[in-house]
Amino acid sequence: MPQILKFNRRFAASFAAVVLFVCSPARASGASNFDVSNFRGPKMTDLYYVVMRDADAQTMAITSGKLDVLGDIFRAVDVERLEKSGLVDLSMAANFHGFFVTFNTRKFPFDHKVLRQAASQVMDRINWTRDLFSGYAEPASGFIPEISPYFDGDAKALSYDAEAARKRLRDAGWTWNADGRLTAPDGQETPHIKILCPPSSVAATSTEIAILAAEGLSKLGMSAEAQPMDFQTMLARVDERDFDACTNAWSMSRDPDLLYAFYHSSWKDIKGAYNLSGVADDELDAALLSLRNAPDEASAREAAILSQRLLSELVPVVPIYSRYSVAAIRKDWDGVYANDRVTSDNLYTLLSMTPKGAKAGETRPIYWNIPEEIRTLNPLVSGTAYDWTVLGSIYDSLISVNPENFEDMPWLAESWSIETGENGSILTFTLRDGLKWQDGFPLTADDVAFSLEFLKKNEVPRYFDSVSDVERVETDADARTVKVYMSNTSYWHLHNIGGMIILPKHILENVPDWRAWQPTNTRHKAADGSDMTELVGTGPFIFKESRVGEYVHMTRNPFYMLSGGEDKK
Amino acid sequence: MIFRRIGGAALVLLIVVALNFFLFRVMPGDPLSGMMDPKLSAEAKDKIRAMWGLDKPLGEQFFIYVGQMATFNFGMSMTTQRPVWDELRSRVPNTVALLLPALLLSAALGIYLGVKAAVARGSLTEKLVIWSGAVSFSVPSFFVQIVLLMCFAYTLPLFPLRGSSSIPPPVGATAVFDYLWHLSLPLISLVALSFGGWALYIRNMMVKTLGEDYILMAVARGLPKGRVVWNHAFRSILPPVLTMLLLSLPGVVSGAVLTETVFSLNGAGSLLLEAVNSHNYPVAQAAFYIMALLTVLCNLLADLLCALADPRVRLGGEQA
C-alpha cells in the first residue's frame with residue numbers, strides 16, 4: 001500500500017486540475033436543457049475502431065496522432081502524461097460503477113445487524129478513496145449510483161466513527177473478553193474473519209481495500225484478514241456462499257430495480273443469483289417487490305427511496321467508492337460533448353466532431369480506441385462492453401437516456417406511454433416519421449413487434465429478462481404505433497423494452513440459426529440493389545469491414561435520423 | 001522400435017486428452033461464474049448454460065468432447081459463437097509468422113555467439129557474450145518491448161505503434177511489406193530477449209566439449225580450427241540442441257501473450273489466456289490438444305533427428 005499511496009498522491013493535484021475543466025462545476029440536477037436536435041451528424045464519413053490493448057501504447061498513439069479518442073483511462077500516470085503533452089482534452093465523469101464490502105449475513109457474526117452497522121462505521125471510505133485513487137474515484141455512500149435519478153441522499157451508509165461504532169456495540173450488549181476480542185451478547189466470541197478479494201496482481205486497489213477493511217474490523221475487537229485469491233476461485237466461493245465477507249464491484253444502471261436482484265430474499269440461496277450477502281428482511285422484501293412491480297414512475301420512486309432507507313439500516317454491504325470514467329480526445333477536433341456524467345467518448349461527440357479549421361464538408365477518418373478485440377458482432381449473443389461500443393453505433397432503441405439527467409428521452413420512438421391494463425402494464429410507443437434502416441428499407445412498427453417476438457420466442461438469454469413478461473405485441477395500421485402488453489405490472493418494463501435494440505425483420509426472419517449468425521460475413525441486397533452485410537441497424541454508422549484483432553471500419557449512415565436530411569436519398 | 005515410440009506417444013496423447021477435459025472442469029468456476037451482471041438473472045444464465053450444452057451430464061459432455069478431438073471438429077467458441085477452427089485460423093498464422101522466425105533467428109544468433117564465446121575463452125568477446133546473454137535472458141520482456149516501442153515507434157517513428165497492418169491496410173504487394181514492417185519491431189524484441197538463453201547454453205556445452213580428449217586429438221592431428229569447432233565439437237552437442245529447438249516449436253503456436261499485448265497483435269497467446277480465464281472450454285481444449293499433439297510429434301521428431309545427427313544414438317537399444 002505505501003507505494004500506491006505515494007504514487008497516487010504525487011498525481012492527485014494535477015489529476016483533479018487537469019480533468020475537471022471539461023466538466024460542469026456542479027452535478028446536474030433533474031432539469032435539463034439538453035436538445036438532441038443540436039447534434040446533427042455524423043459529420044465525418046469514416047470511423048475506425050482501433051484495437052490497442054496496452055495502456056502505454058495507447059497514450060503514445062493518441063499523442064502521436066494515431067488515435068483521436070481514448071476512453072477507459074484508469075491510470076493516473078497516463079492522465080498526467082496526456083495532460084503534459086498538451087495535445088488532448090481530458091474529461092472525467094461519475095459513472096455507474098460501485099465497489100462494496102459485502103458481509104455474509106447467513107452466518108455469525110454478520111447475521112447481527114448491529115455488528116454490520118458498527119462495521120460500516122469503521123470503514124473509512126473517504127480517506128481510503130482519497131489515498132488510493134487521488135481524485136479519480138469518489139467515496140460512495142449509497143446503494144445505487146449517486147448519479148441515478150432515484151438516488152436517495154438521505155439513505156446513506158454510516159460515516160466513519162470508530163468510537164461511535166464501539167459504543168453502538170456496547171449499547172447492544174456486545175462485550176470484549178480479556179484479550180480484547182469482541183463477543184456477542186449470547187457469549188459467542190467473534191471468529192476470525194477472512195475478507196475474500198482478488199490478488200493485487202489483478203486488482204491492487206481491491207486487495208488494499210480488503211486489507212484496510214480487515215484493519216477497520218480490528219478496531220472493533222475482531223480478528224480479520226484479507227484473503228486474496230484467484231478471481232475465478234473467489235467468484236466460485238461467493239457463488240457457493242462460502243465466505244465471511246468479500247469485496248465486489250458492480251457496474252449498475254440508472255434504474256433502482258436492480259436492488260431487487262441484489263437484496264430480495266428469494267435470491268439468497270440460488271446459485272448464480274446476486275443476493276450475495278443473503279440479506280433477508282420482510283420489510284425490505286415488501287419494499288423491493290413494490291419497487292419491481294411499481295405501476296408508474298411516482299410509486300417506483302417511492303419504493304426506491306424506501307428500499308434504500310431500509311438498506312442503509314440493514315447494511316448488508318458497505319459502499320466504498322465509485323470510480324470515475326476518464327476519456328481523452330485530441331485537441332484538433334471540434335464538436336466535443338462532455339458533462340459531469342458523460343465523458344467525451346460518447347455518441348454526441350461522434351455525431352458532431354469535425355477537424356478544427358476544416359472547411360464545410362471536409363472530412364477525415366476518426367480513430368477511436370477499443371482496448372480489447374471485438375469478440376462478435378452478432379447482437380443476439382454479444383456480451384462485452386467493447387462489442388457494444390461498436391454495436392451501439394449501429395443499433396438504436398425506442399427510447400434513450402438524457403445524458404444530463406439520465407431521464408428518458410425520445411429516440412426511435414417520438415413518444416410513449418405506460419398504463420396498467422387487466423393483466424399488466426401496457427406500453428405504447430409511437431415511432432418517428434420516416435425512419436429507415438441503414439440499407440434504405442423503412443423501419444415500421446412491424447420491425448419492433450418482430451424484434452420482441454423473435455427474442456421471446458427464441459429465449460435469447462441476453463434479452464430474456466426484458467422480454468420474458470411480454471404477453472403480446474400489437475401494431476396499428478399507421479405502421480408507427482406499437483402496443484406491448486406485459487403479463488404483469490412494472491414501470492421498469494418501459495425501460496427494459498424501450499431500451500432494447502430494434503432489429504430489422506427483413507433480415508432476421510431469414511436467419512436460420514441466430515446463435516451461429518455471423519452478420520458481418522453474410523450479405524443481402526439493400527433497397528438500392530447494392531450489396532451489404534446483414535449487420536444493419538438504424539444507428540449513425542454502417543459496418544463496412546473488420547479485421548479480427550485489428551480494427552472495425554464504419555462509414556456514415558446517410559439515412560440516420562439525426563443526419564439533418566442533407567444526405568438522405 | 002519406432003512403433004513402440006509411436007505407441008508411447010499415442011498413450012501420452014490419450015492421457016492429455018482426458019486431462020484436458022477434466023482439468024478445466026476441476027478449475028474453480030465455470031463459463032457463467034464470471035458473468036456478474038445484475039441485468040442477467042439466474043434463469044437467463046441457465047438458458048446460456050443450456051445453449052452451450054453445459055446442462056448435460058459430465059459423462060455425456062466428455063463423450064461429445066472426445067468425438068470432437070478425434071474428428072478435429074472443435075465446435076464453437078463460447079465467447080464469439082464462431083467455429084473454433086476459424087478462431088485459430090485468424091490467430092495462429094500471425095503467431096507463427098512472428099514466433100517461428102524469432103525462434104530460428106534467436107537460436108542461430110545464440111548458437112553462433114555461444115560457439116564464438118567458447119572458442120575465445122577469457123577474451124572480451126566471451127565477456128560480451130556472457131553479459132549480453134545474461135541481460136537478454138533476465139530482463140522482463142514487457143519492459144524491453146515498451147522501451148523499444150517508445151524509442152523506435154514513438155520518439156523515432158521508424159516502426160508502427162500497433163497491430164499487424166496499417167489502417168486502412170494497403171493493397172497488393174505493398175500489403176506484404178506493410179505486414180513485415182509491422183512484425184519487425186516485435187521480432188527484433190523477441191530475438192533480443194531470447195538469444196541470450198541460447199548463447200549461454202551453447203557456450204557452456206561447447207566449453208565442456210572443447211576440453212574433451214578427442215578434440216585435443218583432432219587439434220593435434222592438425223585439422224583446421226573451424227573444422228574442429230564445427231564438425232567435431234559442435235556436432236557432438238547437436239542432439240541436445242536439436243531437442244531443445246524442436247521442443248520449442250509448440251511454443252511457436254501457443255503465442256507470446258505479453259508481446260501480443262504490447263504490440264496489439266492478434267495472436268494465439270491472448271486467445272489462449274482469455275479462453276482459460278473465461279472458461280471458454282471449446283477454445284481452450286482445442287488449443288491445448290493441438291499443442292499436446294505438436295509436442296508429442298516434435299518429441300518423436302527430435303528422437304529421429306538425434307539418431308541421424310549422432311551415430312551413437314540408436315532407437316530402442318539397437319546398440320545392445
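Residues numbered from 1 in each chain as written. Chains lettered and ligands numbered in written order. Predicted model: local features only at pLDDT ≥ 70, side-chain atom pairs only at ≥ 80, totals over all residues.

**Student:** How would you summarise the overall build of chain B if you had to cite specific residues and measurements?
**Tutor:** When you go through chain B residue by residue, the secondary structure sums to 12 helices and zero strands. What you see in chain B, going N to C, is helices and strands ordered as α-α-α-α-α-α-α-α-α-α-α-α. Viewed in the frame of its principal axes, chain B has a C-alpha envelope of about 80 × 60 × 40 Å. A separation threshold of at least 6 residues defines the contact pool for chain B, and within that pool the share at least 24 residues apart is 71%. (Helix = DSSP H or I, 4+ residues; strand = E, 2+ residues; numbered from the N terminus. Contact = placed C-beta atoms within 7 Å.)

**Student:** Could you give an account of the overall build of chain A, with specific residues and numbers?
**Tutor:** When its secondary structure is counted, chain A shows 17 helices and 24 strands. On C-alpha atoms alone, chain A measures out to a radius of gyration of 25 Å, which is about the 25 Å that the 2.2 N^0.38 rule sets for 569 residues. The principal-axis extent of the C-alpha atoms belonging to chain A is close to 85 × 60 × 45 Å. Burial status across chain A gives 53% buried among its 569 residues. Taking contacts inside chain A between residues at least 6 apart in sequence as the whole, the part at least 24 apart equals 69%. (Rg over C-alpha atoms; globule rule 2.2 N^0.38 Å. Buried ≥ 20, exposed ≤ 12 C-beta atoms within 10 Å, placed from the backbone.)

**Student:** Explain the interface of chain A and chain B residue by residue, including any values.
**Tutor:** In this assembly, 45 residues from chain A lie in contact with 38 residues from chain B. Each residue belonging to the side of chain A that touches chain B can be placed in one class, and the counts come to 23 nonpolar, nine polar and 13 charged. (Nonpolar A, V, L, I, M, F, W, Y, C, P; charged D, E, K, R; others polar.)

**Student:** Explain the sheet that holds strand β18 (residues 425-431) of chain A residue by residue, including any values.
**Tutor:** Residues and elements named next belong to chain A. Pairing within the open sheet is antiparallel, and its four strands lie in the order β17-β18-β20-β19. Single-partner strands in this sheet number two, and they are β17 (413-420) and β19 (470-475). Each neighbouring strand pair of the sheet contributes to a mean axis angle of 15°, computed without reference to strand direction. Contacting β18, β19 and β20 (481-486), helix α14 (residues 445-457) runs over the sheet at an angle of about 160° to β19. (Pairing = 2+ DSSP bridges. Axes fitted to C-alpha atoms, helices over the stretch in contact; angles between N-to-C directions.)

**Student:** Got a sec to walk through the packing of helix α4 (residues 84-119) of chain B against helix α12 (residues 281-309) of chain B? Specific residues and values, please.
**Tutor:** Residues and elements named next belong to chain B. Between α4 and α12, the shortest axis-to-axis distance is 10 Å and the interhelical angle comes to 60°. Judged on the interaxial angle alone, α12 and α4 are oblique. Helix-helix and strand crossings are classified by hand; for α4 and α12 the assignment is right-handed. Taken together, the residues of α12 that come into contact with α4 (itself represented by Val 84, Glu 87 and Leu 88) are Pro 282, Val 283 and Ala 286. Residue classes in the contact of α4 with α12 are distributed as five nonpolar, no polar and one charged. (Parallel < 35°, antiparallel > 145°, perpendicular 65-115°, else oblique. Left-handed = near helix turned anticlockwise from the far one by under 90°.)

**Student:** A description of the pairing of β18 of chain A should follow, citing residues and the corresponding values.
**Tutor:** Residues and elements named next belong to chain A. Along β18, the buried face is formed by Ser 425, Leu 427, Phe 429 and Leu 431; none of Ile 426, Thr 428 and Thr 430, which line the opposite face, is buried. In this sheet, β18 lies alongside β17 in antiparallel orientation, the contact comprising seven bridges. If you follow Ile 418 over to β18, its bridge partner there is Leu 427. Hairpin connection of β17 to β18: four residues between the antiparallel strands. Pairing between β18 and β20: five bridges, direction antiparallel. Across the sheet, residue Leu 427 finds its bridge partner in β20, namely Val 484.

**Student:** Account for the nonpolar core, with residues named and values stated.
**Tutor:** Of all hydrophobic cores here, the largest spans 240 residues; its most connected members are Val 50, Ile 195 and Ile 320 of chain A. If one sorts the elements of this core by residue count, helix α7 (residues 173-210) of chain B sits on top with 13 residues. In contact with Val 50 of chain A, not counting residues within four places along its chain, are Leu 67, Tyr 367, Trp 368, Asn 369, Ile 370 and Tyr 551 of chain A together with Ile 167 of chain B. (Core = buried A, V, L, I, M, F, W, Y, C linked by C-beta atoms within 7 Å.)

**Student:** Let's hear about the environment of Gly 335 of chain A: which residues, and what values?
**Tutor:** Residues and elements named next belong to chain A. Counting through the fold element by element, Gly 335 comes out in the loop between β12 (333-334) and α12 (347-352). Judged by local crowding, Gly 335 falls into the partly exposed class, with 18 C-beta atoms found within 10 Å. Sequence spacing of Gly 335 and Pro 355 is 20 residues, and the spatial spacing of their C-alpha atoms is 8.7 Å. Residue contacts for Gly 335: discarding those within four places in its chain leaves Thr 349, Ser 352, Met 353 and Thr 354.

**Student:** Describe the domain arrangement of chain A, naming the residues involved and giving the relevant values.
**Tutor:** Each assigned domain of chain A is listed here: domain 1 (97-323) and domain 2 (394-521). Once you take the C-alpha centre of each, domain 1 of chain A and domain 2 of chain A turn out to be 36 Å apart. (Domains from an automatic or database assignment.)

**Student:** Describe the confidence of the model for chain B, naming the residues involved and giving the relevant values.
**Tutor:** Parts of the prediction with low pLDDT should not have their coordinates interpreted in detail. Residues and elements named next belong to chain B. Mean pLDDT over chain B: 88, with 96% of residues reaching 70 or higher. Taken element by element, chain B is modelled with least confidence in helix α2 (residues 42-51), mean pLDDT 85, and with most confidence in α7, mean pLDDT 95. Predicted as a complex, the structure gets a pTM of 0.87 and an ipTM equal to 0.83. (pLDDT = per-residue confidence, 0-100.)

**Student:** Can you break down α4 of chain B residue by residue, with the values?
**Tutor:** When the terminal C-alpha atoms of α4 of chain B are compared, their 50 Å separation across 36 residues agrees well with the 52 Å that a helix rising 1.5 Å per residue should span. Along its length, α4 of chain B shows its largest kink, about 30°, at Arg 91 of chain B, and proline Pro 93 of chain B lies within four residues downstream of that point. (Expected span 1.5 Å × (residues − 1). Bend = angle between axes of the 7 residues up to and from the residue.)

**Student:** Let's hear about the pairing of strand β11 (residues 317-330) of chain A: which residues, and what values?
**Tutor:** Residues and elements named next belong to chain A. Here β11 lies mainly inside the structure; 14 of its 14 residues are buried. Examined bridge by bridge, strand β3 (residues 88-94) and β11 share seven bridges and lie antiparallel to one another. Bridge pairing in β11 links Ala 94 to Tyr 324. As defined by bridge partners, strand β4 (residues 97-103) adjoins β11 across four bridges and the pair is classed as antiparallel. Across the sheet, residue Val 101 finds its bridge partner in β11, namely Val 318.

**Student:** Which residues make up the domain arrangement of chain B, and what are the values?
**Tutor:** Residues and elements named next belong to chain B. According to the domain assignment, chain B consists of domain 1 (2-71) and domain 2 (90-317). Between the C-alpha centres of domain 1 and domain 2 there is a distance of 33 Å. On the side of domain 2, 15 residues touch domain 1, which itself brings 17 residues to the contact. Tallying contributions element by element places helix α1 (residues 2-26) first for the side of domain 1 that touches domain 2, with 11 residues. Looking at the side of domain 1 that touches domain 2, its residues break down into 11 nonpolar, three polar and three charged.

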